[in-house]
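# Close look at the chain arrangement
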Amino acid sequence: MSDVMQNSRFSNLTLANRFALAPMTRTSAEPDGTPNELMADHYEAYAKGGFGLLITEGTYTDDGASQGYANQPGIISDTQVEGWKTIVNRVHAAGSKIIVQLMHAGAQFQASHHTDQPLAPSAVKPKGAPLGFYGDQTEWQTPAVMTEADIKTAIRGFVQSAINAKAAGFDGIELHGANGYLLNQFLSTHFNRREDNYGGSLDNRLRVVVETIEAVREAVGNNFALGIRLSQGTVTDPDYQLPEGENGFRRIVEAVRDAGADFIHTTDGDVRRAPFTDGEKSLAEVVRNAGGVDLIINGGIDETNHPDLAAEYPEALLAVGKKALANPDFVQRLKDGKEIDELDFAMLQPKATIRNEIEWRRNQAA
Ligand SMILES: Cc1cc2nc3c(=O)[nH]c(=O)nc-3n(C[C@H](O)[C@H](O)[C@H](O)COP(=O)(O)O)c2cc1C
């Protein structure tokens, strides 16, 4: 058995092994964003299934424009925090650690309990179409341009949500800076056409990300895992490239590390893909080479390639998405030498909800 199954240090945590559950939106909270029993059963299954670390689905951070999907959980009200406490306690009782992914939708906005008006760096829509398994919307709305006051509100939302996460007992937080959500939009020259201090040069586009990490770090203190998920591509534009290439991504990595992030979680279609306009390194290699920050790698990790990836990235956690959805006991199955199922996307149709998954599993068993 590879050392991926050994105890691992990550930030200030000790984990049972190096497998992490990748964050996956399930739009299964109550309409007001409160996490429920269904979600507690769902997360507990991955803890019982052996994942050393769970990362929650993207969770919204303020009652302005942060929510992106109907039935997305939030972490802003007392009832939402109480709902998360139950989940955290059940995951801990099963022997895993859990961090919450904090997400502001920005322009990738389909529905919200709080507003009808998306806010984003610029009045630019995402490419492609909204995600059908998160809602019935067929067209993106044009977002309103965030004022400096709106930016401060969004940062305050991340800060208060991080404080709430600590109160709920989470072991840390991951800021969603990937896949085309707000923090990623600021980095992107597709979404960010601003001409003020928050747009233009890469250092300007980084400003919101850096200010958010610094403010959150100050609020939660040093002894709390704080990281950010980074990608180049987005959910509807997987081939987007930073004009600054590999060096630009390295600059982002160094800036978030220096702002106080103690881990970076890279995500791409394939961990080993070389996605930049120049150079041959993957996102994960750039982070590893920069050093000084813990690493989670993600993208196509499965039962076959994980030993090689664990050896190539001996300090990193391996985050598993689709294979985990298909096998909530993925880690236990590996330990037992059992077969790993492929994800049947019918499980996420017509909607990516936990109820839909339960229904699908019932039909499979019948
Ligand atoms: C149903 C579904 C929901 C997802 N939701 C999120 C999310 O909330 N936040 C996020 O950062 N990534 C999200 N992702 C992306 C996954 O975390 C992961 O990066 C992606 O599936 C690639 O990893 P894999 O090859 O192991 O599946 C989601 C993916 C799926 C399939």
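Refer to the structure printed above.
Structure report, in brief. (Residues numbered from 1 in each chain as written. Predicted model: local features only at pLDDT ≥ 70, side-chain atom pairs only at ≥ 80, totals over all residues. Heavy atoms only, no water.)

With that settled, consider the pairing of strand β12 (residues 317–320). Burial along β12 is two-sided: Leu317 and Ala319 facing one way and Leu318 and Val320 facing the other are all buried. Where strand β3 (residues 19–21) lies against β12, three bridges are found, and the strand directions are parallel. Across the sheet, the residue bridging to Leu21 is Val320, located in β12. Bridge analysis of strand β11 (residues 294–298) against β12 gives three bridges, and the strand direction is parallel. (Buried < 20%, exposed > 50% of the residue type's maximum accessible area, 1.4 Å probe, protein only. Helix = DSSP H or I, 4+ residues; strand = E, 2+ residues; numbered from the N terminus. Pairing = 2+ DSSP bridges.)

What follows concerns the environment of Pro118. With respect to the helices and strands, Pro118 occurs in the loop between β5 (97–103) and β6 (119–120). Residues Pro118 and Asn204, spaced 86 residues apart in sequence, show a C-alpha to C-alpha distance of 22 Å. Residues contacting Pro118, with those up to four places away along its chain left out, are Gly106, Phe109, Gln141, Thr142, Pro143 and Ala144. (Contact = heavy atoms within 4.5 Å.)

So, on to the side chain of Asn204. Position of Asn204 among the secondary structure elements: in helix α5 (residues 202–220). Polar contacts involving the side chain of Asn204 include one to the side chain of Arg207, which spans 2.6 Å. In contact with Asn204, other than residues within four places in its own chain, are Asp196, Asn197, Tyr198 and Gly199. (Polar contact = N/O pair within 3.5 Å; in protein donor to acceptor, adjacent residues only side chain to side chain.)

Another point: the site of the ligand. Within the structure, the ligand sits among 17 residues, and Pro23, Thr25, Arg229, Asn298 and Gly300 are positioned closest to it. At a separation of 3.4 Å, a nitrogen atom of the ligand approaches a polar side-chain atom of Asn179. Within the side chain of Asn298, an N or O atom sits 2.6 Å from an oxygen atom of the ligand. Taking a 2 Å distance to the grid points as the criterion, the majority of the atoms of the ligand fall inside the largest pocket. Of the residues assigned to the shell around the ligand, the class counts are five nonpolar, ten polar and two charged. (Near = heavy atom within 4 Å. 1 Å grid on protein atoms, 1.4 Å probe; cavity = no way out; pocket = protein on both sides within 12 Å on 5 of 7 lines; lining within 4 Å. Sits in = over half its atoms within 2 Å of the grid points. Nonpolar A, V, L, I, M, F, W, Y, C, P; charged D, E, K, R; others polar.)

Below, the discussion takes up the packing of aromatic side chains. Applying the stated criterion to the full structure yields eleven aromatic pairs. Summarising the aromatic geometry, the rings of Phe10 and Phe263 are spaced 5.0 Å apart at their centres and angled 50 degrees between planes, so their arrangement reads as tilted. Of this pair, Phe10 sits in strand β1 (residues 8–10) while Phe263 sits in strand β10 (residues 263–267), placing them 253 residues apart in sequence. For Phe263, a relative accessible area of 0% translates into the label buried. (Phe/Tyr/Trp six-rings, centres within 6.5 Å; stacked < 30°, edge-to-face > 60°.)

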